[in-house]
Amino acid sequence: MADKKHERQTAKEALLRKTARGASKAKAGPAPKAKSKAKPKPAPKTTPAPKAWKSASGPLSSPRSRNLPKVLVTGIAGRLGRLLAKKLHRIAEVHGVDRRPFEGCPKDIVMHHIDLRKKRCEDLFRLTGYQAVFHLGVIHDPRRSAEEHHSFNLRGTMKILEYCNKYNVPKVVLLSTANIYGPSHTNPFFLTEDAPLLAGEKFPDIRDLIELDMLAQSFFWKHAETETVILRPTHILGSHVRQGLARYLRLKIIPKVMGFDPMIQVIHEEDLVDAIIMAMRPGVRGIFNLAGPSVVPFSEVIRGVGRPTVPVPQSMAKMILSLLWDLKLTDFRAPQVDYARFICTVDTARAREILGFTPRRSIRETLKSMRNS
Amino acid sequence: MSSLKALQKTLREFLEIPLDEKFKNELKALPTRLNEFGYDEFGFSPDWIKYALLPIVTLYKHYFRAECYGIDNIPEGRVLLISNHSGQIPIDGMMIGAGVFLEGDPPRVVRSMVERWASSLPFVSTFFTRVGQILGTPENARALLEREEALLVFPEGTRGINKLFWDRYKLVDFGLGFMRLALETKTPIVPISVIGAEEQAPSVGNLKTLAKLLGMPAVPLLPQLLVPVAGWLPLPVKYRIYFGEPMYFEGDENDEDIAIEAKVNEVRQRIQEMITYGLKNRRHVFW
């Protein structure tokens, strides 16, 4: 057993050596040029990413290879994936996996148009020794069938985790969400990472995301040799993202539930990307709630984007919404109304203390970026 | 539309009347940390207090003619205010809050813990949140005390507030949660007795089955409701609120119930003594 593993490892190293010199040059085309140009620069000062990486780098950028660490980003063509890729490719050799095309892809990113569930995905791991895997390849599109959600999100994640273990990837970062705690009037104000994930109680369609989180958690416990980081950001806002609250705030007329104004947390997409990159630092592991700098009332968020609103009585809100859903006039599910009624606010102390994450965009800035897009 | 705006403006001006300049400045200087939108992390907003204040000040000063004794006993920083609970509707909490806010120096916002049921109601839940009252869970209580707030707890809970008339001023059993909390967060306890609230709405029974059916904590039988309009208000009793000297406890918060109970009984004893003293020294229920 041990022999086999050893064999596999040496084979992998040999492969790695090969790919490091020849293959990447041949495959990536003009990429090395761009890289060699970028390298002498001491890293751009505007982004916090290189700094985080530098303090973190240590064993990853060993003098032997003098190469940037290789990382894999799944779901790279998604809105968040692109943002991450654009920051990450300056400090790492980014490989991307997505079924969708990635227009405007930076030239030094190696794109693979592969379905995560397919066997070819494993080849990527076999051929390239990744130093970190960022798993953002999760579909949120509410109109896709439950089966597809389940299959893509869970099978995909399962495969990725399996490969991470098989090919000894030292770090895997998974993007979950704080919405899986579930909004409830009995929630305490600051849900810690230990809080139970109860959103499925009222909102069956979110169950695959809960299961995904659980999957990652069990991987975390089973495989200590891989540093597993699970990020649970609150509502993500910004000029790019288009899911959940961001989609709601882009409606031409925003329906509001009468009489309810829960405190909510939002996080700017760029801040989230910073946090994802920070999670790459060796030694960081576990679950982290992520949120913007302050907790604000739902009404202030709506006011911040400056769109007209229409009040809806709570007794009718769910009924109207499920009717509209059936008529295909809305992409929101009835149980999502609860996110506008009850709190689901999280404690971010762990992210602050262990991850070292402090959001840099104020809530006003975040809301302004929504208004402009 | 313009007439509505005008009405809103007059109403707003009217609401500002009971607040003089000094008071407004004190309001601004409240030691609660607010974010750029003027809310604290729990959703409390001093702007809302201003609007909530007119009815509360009216009730406090003119309707119940409340009197506070020993308000200086409240120490600075984190503190647990432990009080008896009575009167069918939680006006006693409101009056304690008004007392500490209006007569305390500097004014402090008393945070109290709201029933689960109330926090699921539209408008009511929002209002409670905005004036600084939050859902009663141990996590929330801990978070508030860690932020050096004054927290009001009624350890009798709903059993206390829905006492029948012939059980008035007899304390029911106290919950132990507050003592564990005090030990854990090293918070001083200020015992409080409220005299008068028991007589504001005498109850002769409690329809428990109906309450369960409606998802409400209790449905008290109040004879005064038979009197139209006037009977629907609480009786204009006189409130007397006594603040005792702070009590400091030490020990392990995970101790066995018996050990915690002994400490809880000390507090209960003190409150019972203060009630007896208050009852002996009051001139009349209504004045």
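Residues numbered from 1 in each chain as written. Chains lettered and ligands numbered in written order. Predicted model: local features only at pLDDT ≥ 70, side-chain atom pairs only at ≥ 80, totals over all residues.

Within chain B, the regular secondary structure consists of 10 helices and nine strands. Across the 287 residues of chain B, 36% fall into the buried class. When contacts within chain B are restricted to residue pairs at least 6 apart in sequence, long-range pairs at least 24 apart make up 76% of them. (Helix = DSSP H or I, 4+ residues; strand = E, 2+ residues; numbered from the N terminus. Buried ≥ 20, exposed ≤ 12 C-beta atoms within 10 Å, placed from the backbone. Contact = placed C-beta atoms within 7 Å.)

Glancing now at the overall build of chain A. Summing up its helical and strand segments, chain A has 13 helices and 13 strands in all. The buried share among the 373 residues of chain A stands at 45%. Restricting the contact set of chain A to residue pairs at least 6 apart, pairs at least 24 apart contribute 76%.

Attention now moves to the interface of chain A and chain B. Between chain A and chain B, the residue contacts involve 19 residues of the former and 20 residues of the latter. Across the side of chain A that touches chain B, the residue classes tally to 10 nonpolar, six polar and three charged. (Nonpolar A, V, L, I, M, F, W, Y, C, P; charged D, E, K, R; others polar.)

With that settled, the discussion passes to the sheet that holds strand E4 (residues 132–135) of chain A. Residue and element names in this part refer to chain A. Strand order in the open sheet formed by seven strands is E3-E2-E1-E4-E5-E6-E11, and the pairing between neighbours is parallel. Looking at strand neighbours, the two that pair on one side only are strand E3 (110–112) and strand E11 (286–290), the edges of this open sheet. Direction aside, neighbouring strands of the sheet carry axes that sit 15° apart on average. As paired elements, strand E5 (residues 171–175) and strand E6 (residues 227–233) share five bridges and run parallel to each other. Counterpart to Leu 174 in the pairing with E6 is Ile 230. Contacts from helix H6 (residues 146–166) reach strand E1 (70–74), E4 and E5 within the one sheet, and its direction differs from that of E4 by about 175°. Across the face of the sheet, helix H7 (residues 207–222) comes into contact with E5 and E6 while running at roughly 150° to E6. (Pairing = 2+ DSSP bridges. Axes fitted to C-alpha atoms, helices over the stretch in contact; angles between N-to-C directions.)

Glancing now at unusual backbone geometry. Notably, Asn168(A) is not glycine yet its phi reads approximately 50°, a positive angle. Looking at the secondary structure, you find Asn168(A) in the loop between H6 and E5. Of note in this structure, Arg65(B) is not a glycine but carries a positive phi near 45°. Mapped onto the elements, Arg65(B) comes out in the loop between helix H3 (46–63) and strand E1 (67–69).

This part takes up H3(B). All names here are of chain B. The end-to-end C-alpha distance of H3 is 24 Å, a good match for the 26 Å that 18 residues give at a rise of 1.5 Å each. Approximately 45° is the largest bend angle found in H3, and it occurs at Leu 53, with the proline Pro 55 only one to four residues beyond. Turning to H3, its buried residues number three or more, namely Pro 46, Ile 49, Leu 53 and Tyr 60. In the segment just after H3, Arg 65 is the residue with positive phi, at about 45°. (Expected span 1.5 Å × (residues − 1). Bend = angle between axes of the 7 residues up to and from the residue.)

Right, let's talk about the sheet that holds strand E6 (residues 189–195) of chain B for a bit. Residue and element names in this part refer to chain B. Pairing is mixed across the open sheet formed by seven strands, whose spatial order is E1-E9-E6-E2-E5-E3-E4. Looking at the sheet topology across the chains shown, the edges are occupied by E1 and strand E4 (134–135). The sheet contact formed by strand E3 (residues 110–114) and E4 spans two bridges and is parallel. Residue pairing in the sheet places Met 113 in a bridge with Ile 134 of E4. In the packing of helix H6 (residues 138–146) onto the sheet, the strands contacted are E3, E4 and strand E5 (150–153), and the crossing angle to E5 comes to about 150°.

Turning our eyes to something else, we now look at the confidence of the model for chain B. For residues with low pLDDT, the predicted coordinates do not support detailed interpretation. Residues and elements named next belong to chain B. Considering every residue of chain B, the mean pLDDT works out to 85; 89% of them sit at 70 or more. When mean pLDDT is taken per element in chain B, E6 scores highest with 95 and helix H1 (residues 2–16) scores lowest with 60. Across the predicted assembly, pTM comes out at 0.80 and ipTM at 0.78. (pLDDT = per-residue confidence, 0-100.)

Within the secondary structure layout, Leu176(B) lies in the loop between helix H7 (157–161) and helix H8 (177–185). Each C-alpha atom of the pair Leu176(B) and Ile260(B) lies 6.8 Å from the other, and the pair is 84 residues apart in sequence.

Another aspect to go through is the pairing of E3(B). Residues and elements named next belong to chain B. Burial of E3 is extensive: five of the five residues sit out of reach of the surface. Here three bridges tie E3 to E5, and the two strands are oriented parallel to one another. Across the sheet, the residue bridging to Val 110 is Ala 150, located in E5.

Turning to the packing of helix H4 (residues 79–88) of chain A against helix H9 (residues 269–278) of chain A, a few remarks are in order. All names here are of chain A. Between H4 and H9, whose axes approach to 10 Å, the crossing angle comes to 55°. By the criterion of interaxial angle, the relationship of H4 to H9 is oblique. The hand of the H4/H9 crossing is right-handed. Only Glu 269, Glu 270, Val 273, Ile 276 and Ile 277 of H9 make contact with H4, whose side of the interface consists of Leu 80, Leu 83, Leu 84, Lys 87 and Leu 88. Here the residues of the contact of H4 with H9 are counted per class, giving seven nonpolar, no polar and three charged. (Parallel < 35°, antiparallel > 145°, perpendicular 65-115°, else oblique. Left-handed = near helix turned anticlockwise from the far one by under 90°.)

Glancing now at the confidence of the model for chain A. Of all residues in chain A, 82% have pLDDT values of 70 or greater, and the mean over the chain is 84. Segment residues 14–66 of chain A: pLDDT under 50, and 45 contacts once partners within four positions in sequence are set aside and those in other chains are kept.

Residue and element names in this part refer to chain B. Taken N-terminus to C-terminus, the directions of H6 and H8 make an angle of 40°; their axes are 11 Å apart at the nearest point. Looking at the two axes, H6 sits oblique to H8. In terms of crossing hand, the pair formed by H6 and H8 is right-handed. Of H8, the residues touching H6 (which contributes Pro 138, Ala 141, Arg 142, Leu 145 and Glu 146) are Gly 177, Leu 181 and Thr 185. Of the residues belonging to the contact of H6 with H8, the class tally is four nonpolar, two polar and two charged.

Turning our attention to the pairing of strand E9 (residues 240–243) of chain B. Residue and element names in this part refer to chain B. Of the two faces of E9, both are covered, the one formed by Arg 240 and Tyr 242 as well as the one formed by Ile 241 and Phe 243. Pairing of E1 with E9, which is carried by three bridges, proceeds in the parallel orientation. Bridge pairing links Tyr 69 to Tyr 242 in E9. When E6 meets E9, the two strands line up antiparallel, connected through four bridges. When the bridges of E9 are listed, Ile 192 appears paired with Phe 243.

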